[in-house]
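Structural description and commentary
Listed here are the chains, written in short residue letters.
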Amino acid sequence: MECVFGLVGNEFAILAADTSAVHSILVHKSNEDKIMLLDSHKLVAASGEPGDRVQFTEYIQKNVALYQFRNGIPLTTPAAANFTRGELATALRKNPYTVNILLAGYDKETGPSLYYIDYIATLHKVDKAAFGYGSYFSLSMMDRHYHSGMSVEEAIDLVDKCILEIRSRLVVAPPNFVIKIVDKDGAREYAWRESVKDAGAPVV
Amino acid sequence: MSRRYDSRTTIFSPEGRLYQVEYAMEAIGNAGSAIGILAKDGVVLVGEKKVTSKLLQTSTSTEKMYKIDDHVACAVAGIMSDANILINTARVQAQRYTYAYQESMPVEQLVQSLCDTKQGYTQFGGLRPFGVSFLFAGWDKNFGFQLYMSDPSGN
């Protein structure tokens, strides 16, 4: 099952997500990037039904870009989070999107922030959050080791602890993870944690 | 001046003018003045309350000034009934933004969306333009204190 989690540190926010694309018992690929750059200073990690996940996050991403083109200023992270929640809420009573989202962003005035948005349009501003079966393990690890104002090294160390826990304790643990970070310099990929590489072409 | 081209709002004259819009601005010229001044630490709006008839009670109402949202207000010049419609539209647009984004609407966007509404009346529907000009005064975190003027053409 999909594991997505994140936390807020000192002037940065981190999101980690597994990279398996799964259909029933088949793993389509194990390098699927589920963390999308919403704009220069925002990240969205999504888990849930694959079609909805891509469709909805791209929809939000394009609307965020449209706002910036129209108005010459970017949306703040809380505004983007509330907009996303609103779209989920509007769709909820007709045909809901089954997507859970963690939205991390950095605003110059207010610093880093993390928003938990689930598929029935719950919105919470949080310091640490997780979705999926992996959340049982990653939330526990974060509850134990998290403190506010962590440095990047401490936060990555905590993320690795969570990944290790998920790998060792979850029965169908995803093998690979991607970690992305957002801070004053923008949103970018930080690292991959791979324990299984996709098999390349066979050497003849 | 070709009078043939001025009864329909949505048609250009051969000289490339929209007469109905210009006549609307004429109507505003007869109204009481409104003045706005942008300062470093605020915006001042002044409105002249014209006494149209001695029979009317000297109103203590704010017939020239209206609050659109907590951070935006406007002064009005022109046909008051037209102004009321637009002010209501502006208020709804401001609240709709706050509903979607949980933040105050930036002043420029509010003025922009109201002007888009006014522009519609110069292009389609065959309806006359609004005979109102506005002075918007507001504050937002992007540009601080701001003062905007908009006229019946939607500019």
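Structure's up top.
Now for a look at the structure at hand.

What counts and what doesn't
Residues numbered from 1 in each chain as written. Chains lettered and ligands numbered in written order. Predicted model: local features only at pLDDT ≥ 70, side-chain atom pairs only at ≥ 80, totals over all residues. Heavy atoms only, no water. Helix = DSSP H or I, 4+ residues; strand = E, 2+ residues; numbered from the N terminus. Buried < 20%, exposed > 50% of the residue type's maximum accessible area, 1.4 Å probe, protein only. Contact = heavy atoms within 4.5 Å. Areas by Shrake-Rupley, 256 points an atom, 1.4 Å probe, with all protein chains shown as cover. Expected span 1.5 Å × (residues − 1). Phe/Tyr/Trp six-rings, centres within 6.5 Å; stacked < 30°, edge-to-face > 60°. Arc of directions from axis to C-beta. Pairing = 2+ DSSP bridges. Axes fitted to C-alpha atoms, helices over the stretch in contact; angles between N-to-C directions. Buried area = accessible area lost by both parts, 1.4 Å probe. Polar contact = N/O pair within 3.5 Å; in protein donor to acceptor, adjacent residues only side chain to side chain. Nonpolar A, V, L, I, M, F, W, Y, C, P; charged D, E, K, R; others polar.

Helix and strand content of chain B: 3 helices and 6 strands. Buried residues in chain B amount to 41% of all 155 residues. In chain B, 53% of the contacts between residues at least 6 apart in sequence involve partners at least 24 apart. Only carbon and sulfur atoms are counted for the fraction: they give 55% of the accessible area of chain B, which is about 9,200 Å².

Residues and elements named next belong to chain A. By secondary structure assignment, the location of Ala45 is in strand E6 (residues 42-48). What makes Ala45 buried here is its relative accessible area of 0%. A sequence separation of 11 residues divides Ala45 from Lys34, and the C-alpha atoms of the two residues are 5.8 Å apart. When neighbours within four sequence positions are excluded, Ala45 is seen to be in contact with Val4, Leu15, Lys34, Ile35, Asn100, Ile101 and Leu102.

End to end, helix H3 (residues 107-120) of chain B covers 20 Å across 14 residues, agreeing with the expected 20 Å (1.5 Å per residue, within 8%). Residues of H3 of chain B that are buried include every one of Val107, Gln109, Leu110, Val111, Ser113, Leu114, Cys115, Lys118 and Gly120 of chain B, and no others.

Looking now at the packing of aromatic side chains. Tallying each qualifying case throughout the model produces 7 aromatic pairs over all chains. Ring geometry for Phe83 of chain A and Tyr101 of chain B: centres 5.7 Å apart, planes at 15°, overall stacked. Remark: Tyr101 of chain B occurs in helix H2 (residues 80-101) and Phe83 of chain A occurs in helix H2 (residues 77-92); the pair is interchain, linking two chains. Each member of the pair Phe83 of chain A and Tyr101 of chain B is classed as buried.

It is worth spelling out H2 of chain B at this point. Under the 1.5 Å per step criterion, the end-to-end length of H2 of chain B is 31 Å for 22 residues, consistent within 8% with the ideal 32 Å. Residues of H2 of chain B that are buried include every one of Asp82, Ala83, Leu86, Ile87, Ala90, Gln93, Ala94, Tyr97 and Tyr101 of chain B, and no others. In a view along the axis of H2 of chain B, the buried residues occupy a sector of 130°, so they form one face of it. In H2 of chain B, those exposed residues whose orientation departs by more than 90 degrees from the buried face are Ile85, Arg96 and Tyr99 of chain B. In the core, the buried residues of H2 of chain B are packed alongside helix H1 (50-71) and H2 of chain A together with strand E3 (65-69), strand E4 (72-78), H3 and strand E5 (132-140) of chain B. Phi turns positive one or two residues past the end of H2 of chain B, at Gln102 of chain B, with a value near 55°.

Residues and elements named next belong to chain A. For Thr19, the position within the fold is in the loop between strand E2 (12-18) and strand E3 (21-23). A relative accessible area of 0% places Thr19 in the buried class. Beyond its immediate sequence surroundings of up to four residues, Thr19 is in contact with Lys29, Ser30, Asn31, Glu32, Asn176, Phe177, Val178 and Trp192.

Residue and element names in this part refer to chain B. Taken in spatial order, the 4 strands of this open sheet run E3-E4-E5-E6, and their pairing is antiparallel. A single partner strand is all that each edge strand has here, and the edge strands are E3 and strand E6 (144-150). For this sheet, the mean angle separating the axes of adjacent strands, direction not counted, is 20°. Examined bridge by bridge, E4 and E5 share 7 bridges and lie antiparallel to one another. Note on E5: the bridge partner recorded for Ala73 is Ala137. Of the strands in this sheet, E3, E4 and E5 are in contact with H2, which crosses E3 at around 20°.

Attention now goes to the interface of chain A and chain B. Taken together, the contacts link 9 residues of chain A with 9 residues of chain B. Taken over both partners, the interface formed by chain A and chain B buries close to 810 Å², and the fraction arising from carbon and sulfur atoms is 55%. Taken as a group, Tyr67, Ile73 and Asn82 of chain A account for 47% of the area that chain A buries against chain B, more than any other trio of residues on that side. Counting every contact that joins chain A to chain B gives 5 residue pairs in polar contact (both at pLDDT 80 or more). Per element, the largest residue contribution to the side of chain A that touches chain B is 4 residues, and it comes from H2 of chain A. Looking at side-chain class alone, the side of chain A that touches chain B contains 6 nonpolar, 3 polar and no charged residues.

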